[in-house]
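# Understanding the architecture of this molecule
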Amino acid sequence: IVFRCEVNISIPGDPVVSNSSSVTITVLGASNPVQPTNLTIVDITYYKVTIQWTVTSIAYTPEQYIILYGLNESSLTQESDIVNGTMDFSGINDTYSVTITELDFNTVYYYQVRSTNTEGSTNSTTEMFTTLPIFAPTITIGPSDANIFDGESVSFTCTVLSETPVNLTISWETTAINTLPDATT
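Counting restarts for each chain: residues are numbered from 1 in the order of the written sequence. Two thresholds apply to this predicted model, a pLDDT of at least 70 for residue-level local features and 80 or more for giving and counting side-chain atom pairs, whereas whole-chain, interface and lining totals are computed over all residues. Side-chain numbers here rest on the full set of heavy atoms in the structure, without hydrogens or water.

### Considerations on the overall build of the protein
Definition in use: Starting at the N terminus, helices and strands are each numbered in turn, a helix being any DSSP run of H or I of at least four residues and a strand any DSSP run of E of at least two. Should any heavy atoms of two residues lie within 4.5 Å, those residues are counted as being in contact. Where accessible areas are quoted, they stem from the Shrake-Rupley method and a 1.4 Å probe; at the residue level, only the protein chains shown are allowed to cover.
In terms of helices and strands, the protein carries 0 helices and 13 strands. Start at the N end of the protein and walk to the C end: the helices and strands fall as β-β-β-β-β-β-β-β-β-β-β-β-β. Contacts spanning at least 24 positions in sequence make up 56% of the contacts within the protein whose residues lie at least 6 apart. Taken as a whole, the protein presents about 13,300 Å² of accessible surface, with 52% of it coming from carbon and sulfur.

Put into structure tokens, the structure is as follows:
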């Protein structure tokens, strides 16, 4: 359905002074959502990913979005949290994102964005990402093996660098029968 309103204004006897304006309103029927586009990985670690996408226009409100993902391109059985879209038809090129956690490290995942409204669903193209591998922590202990004279002091340091959470146990041992009373840990 199309509505059109046109206004023409002129002053009788003056051909120079006139003005006109028009507006057209098209009423769209309900339809399935527009396909989400521009799927982008905006953050990725060994256990989580943040996926962003664009919705070029709203077909029929309200719309919701969900990421379908899995280890097999033809079997996307896992789902992200639901992201609610705009309730406004003027939403053009709106960007949305969702973070998925509890992923396996160094693993290829396939995913697509599903847009759903009351009329149905539309899926994006299927894309893929690979979570990052886990690297072994770096351990630095100082000083290096050394000999000291009785009465000298020595300080020990231990530094652990890791990209992933680690369980850490540090133990100090001595071969001395009696430890010195001013020794600190």
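Still to come is the rest of the account.
### Regarding the environment of Asp81
The condition that has to hold: Residue burial is assigned from relative accessible area. The probe radius is 1.4 Å, only protein chains are included, and a residue is buried under 20% of its type maximum, exposed over 50%, and partly exposed in between.
With respect to the helices and strands, the residue Asp81 is situated in the loop between β6 (78-79) and β7 (83-84). When its relative accessible area of 59% is taken as the criterion, Asp81 is described as exposed. Sequence-wise, Asp81 and Leu68 are 13 residues apart; in three dimensions their C-alpha atoms are separated by 9.9 Å. When residues no more than four places from it in sequence are discounted, the contact partners of Asp81 are Tyr65, Ile66 and Val98.

### A few points about the pattern of salt bridges
Rules: A pair is scored as a salt bridge if a Lys or Arg side-chain nitrogen falls within 4 Å of a carboxyl oxygen belonging to Asp or Glu.
Per the counting criterion, the structure on display carries 1 salt bridge. For the salt bridge of Glu6 with Arg4, the shortest nitrogen-to-oxygen distance reads 3.4 Å. Judged by relative accessible area, which is 52%, Arg4 ranks as exposed.

### With respect to the nonpolar core
In plain terms, the rule: By convention a nonpolar core is built from buried Ala, Val, Leu, Ile, Met, Phe, Trp, Tyr and Cys residues, the set being connected through side-chain atoms within 4.5 Å.
Counting 18 residues, the largest nonpolar core has Ile51, Trp53, Tyr65 and Ile67 as its most contacted members. Broken down by secondary-structure element, the contributors of at least two residues to this core are β4 (49-55), β5 (64-70), β8 (94-100) and β9 (108-117). For this core, the element with the highest residue contribution is β4, accounting for 4 residues.

### Things to note about the side chain of Asn117
Quick reminder of the rule: Polar contacts, as used here, are pairs of N or O atoms within 3.5 Å; protein pairs need one atom able to donate a hydrogen and one able to accept it. Residues neighboring in sequence count only if both atoms are side-chain atoms.
With respect to the helices and strands, Asn117 occurs in strand β9. A distance of 2.8 Å separates a polar side-chain atom of Asn117 from the backbone nitrogen of Glu119.

### Regarding the pairing of strand β3 (residues 37-44)
Each regular strand shows side chains that alternate between the opposite faces of the sheet. The line we're drawing: Pairing between two strands requires that DSSP report at least two bridges joining them.
Of the pairings in the sheet, the one linking β3 to β4 comprises 5 bridges and is antiparallel in character. Within β4, the residue paired with Thr37 across the bridge is Thr54. With antiparallel pairing between neighbouring strands as the criterion, β3 and β4 make up a hairpin whose turn holds 4 residues.

### Points about a nonpolar patch on the surface
This is how the line gets drawn: Nonpolar side chains (Val, Leu, Ile, Met, Phe, Trp, Tyr) are joined into patches within 5 Å and like charges within 9 Å, using only residues with over 30% relative accessible area and no salt bridge.
The grouping of Phe3, Val23, Ile25 and Val27 at the surface amounts to a nonpolar patch, some 360 Å² of accessible area in total. Of note, Val23 is situated in strand β2 (residues 14-26). A relative accessible area of 41% means that Val23 is categorised as partly exposed.

### A look at the environment of Ser162
Mapped onto the elements of the fold, Ser162 is located in the segment after β13 (157-161). Sequence separation between Ser162 and Ile134 is 28 residues; the distance between their C-alpha atoms is 9.2 Å.

### Considerations on the side chain of Thr107
When you line up the elements, Thr107 lands in the loop between β8 and β9. Only 2.8 Å separates the side chain of Thr107 from the backbone oxygen of Phe105, close enough to count as a polar contact. Each residue touching Thr107, except ones within four places of it in the same chain, is listed here: Leu71, Phe129, Thr130 and Thr131.

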